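If you want the building blocks of each chain, they are given just below.
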Amino acid sequence: MQRIGIMGGTFDPIHYGHLVTAEQARFTFGLDRVVFVPTGRPPHKQEKDVSEAEHRLTMTRLATQSNVHFGVSSIEVDRPGPTYAIDTVREFKQLYPPGTDLLFITGADAVLQMTGWKDYDVLMQLCEFVAATRPGYVLEHERIAQMFGPNASKINFFEVPALAISSTDIRARVRSGRPVRYLLPDVVIDYIFASKLYTCSR
Ligand code: NAP
């Protein structure tokens, strides 16, 4: 039976922290494939706070093209209206044979907001979660148990040292002319400068 990772994120821009998270999750959770799914219009963010979906999608494709186990899906970008994880997971259920295990991989901060997500209860029945944490992140086990109840066992927290890199920091570096080399793939850096992304505050 196949096991598929759905790597959800804004990826504005994608960086080595994301790529290491996906590769480490693939190994740790025995995934056959990790599909990166850049968000369309995130329900919790103002449109002006996020780069155009087409740019984020292209950067994600460029960054992942050298890994045969990685893929990129545009389903959230193509879907009109706000992006909800439940819609994405339901579409993945249709795409893969019955019995395929789905693991939704994303940042721990996002996962800890999940009780407020659309159809949260159904979502928890359809897949497991991998919640990536940055170094130094303190897991509040009691709070997590209180928030999620029996669903807490479906959330796999794991620390990714490379997540010391953050998209917010990269955007600020580009804006202020500080170096970004070695934080994300060169091909993505070239795209950022060619497309004049992050050059002025939005
Ligand atoms: P976010 O609030 O921008 O990110 C939260 C934190 O997680 C940030 O520190 C971020 O670091 C990190 N992060 C994000 N994606 C990651 C990934 N794939 N691997 C490792 N770290 C990651 O969260 P977001 O990107 O908007 O949303 C994350 C996912 O949750 C998306 O798939 C989104 O669709 C889903 N979501 C769904 C709902 C809903 O269904 N109602 C609501 C909110 C979010 P960087 O900034 O460095 O990436």
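In case you missed it, the structure is sitting above this.
These figures come from a predicted structure and were not determined experimentally. (Residues numbered from 1 in each chain as written. Predicted model: local features only at pLDDT ≥ 70, side-chain atom pairs only at ≥ 80, totals over all residues. Heavy atoms only, no water.)

Quick word on the pattern of salt bridges
This structure, assessed with the given rule, holds eight salt bridges. With a closest N to O distance of 3.0 Å, R26 and E23 form a salt bridge. With a gap of three residues between them, R26 and E23 both fall in helix α1 (residues 16–28), about one helical turn apart. Overall, the relative accessible area of 18% leaves R26 in the buried class. By relative accessible area, E23 is classed as partly exposed at 30%. (Salt bridge = Lys/Arg side-chain N within 4 Å of Asp/Glu carboxyl O. Helix = DSSP H or I, 4+ residues; strand = E, 2+ residues; numbered from the N terminus. Buried < 20%, exposed > 50% of the residue type's maximum accessible area, 1.4 Å probe, protein only.)

Some remarks on the site of the ligand
As a matter of local geometry, the ligand sits amid 28 residues, with T10, H18, K45, A85 and R134 nearest to it. The separation between a nitrogen atom of the ligand and a polar main-chain atom of G8 is 2.9 Å. Take H18: an N or O atom from its side chain is 2.7 Å from an oxygen atom of the ligand. Considering the ligand on its own, with 870 Å² of exposed area, one finds that the protein chains cover 89% of that surface. If you list the elements that add at least two residues to the shell around the ligand, you get β1 (3–9), α1, β4 (101–107) and α5 (108–111). Sorting elements by how many residues they give to the shell around the ligand places β4 first, with four residues. Split into classes, the residues belonging to the shell around the ligand amount to ten nonpolar, 13 polar and five charged. (Near = heavy atom within 4 Å. Polar contact = N/O pair within 3.5 Å; in protein donor to acceptor, adjacent residues only side chain to side chain. Areas by Shrake-Rupley, 256 points an atom, 1.4 Å probe, with all protein chains shown as cover. Nonpolar A, V, L, I, M, F, W, Y, C, P; charged D, E, K, R; others polar.)

Here we look at the sheet that holds strand β2 (residues 33–38)
Strand order in the open sheet formed by six strands is β3-β2-β1-β4-β5-β6, and the pairing between neighbours is parallel. Strands with a single pairing partner mark the edges of an open sheet, and in this sheet they are β3 (70–72) and β6 (155–159). Between one strand axis and the next, the sheet turns by 25° as a mean value, whatever way the strands run. In terms of strand pairing, β1 meets β4 through five bridges, oriented parallel. Bridge pairing in β4 links I4 to L102. (Pairing = 2+ DSSP bridges. Axes fitted to C-alpha atoms, helices over the stretch in contact; angles between N-to-C directions.)

Description of the packing of aromatic side chains
In the structure shown here, the tally under the stated rule is seven aromatic pairs. Taking 6.3 Å as the distance between ring centres and 70° as the angle between the ring planes, the aromatic pair formed by F104 and W117 counts as edge-to-face. Within this pair, whereas F104 is found in strand β4, its partner W117 is found in the loop between α5 and α6 (120–126), the two being separated by 13 residues in sequence. Since its relative accessible area comes to 6%, F104 is described here as buried. Taking the relative accessible area as the measure of exposure, W117 reaches 25% and is therefore partly exposed. Ring geometry for Y120 against F148: centres 6.2 Å apart, planes inclined by 55°, an arrangement best described as tilted. Taken together, the residues span a long stretch of sequence, with Y120 in helix α6 and F148 in helix α7 (residues 141–148) at a distance of 28 residues. Across this residue pair, the class does not change: Y120 and F148 are buried. Three or more aromatic residues joined by ring pairs form one cluster here, namely F11, F36 and F70. (Phe/Tyr/Trp six-rings, centres within 6.5 Å; stacked < 30°, edge-to-face > 60°.)

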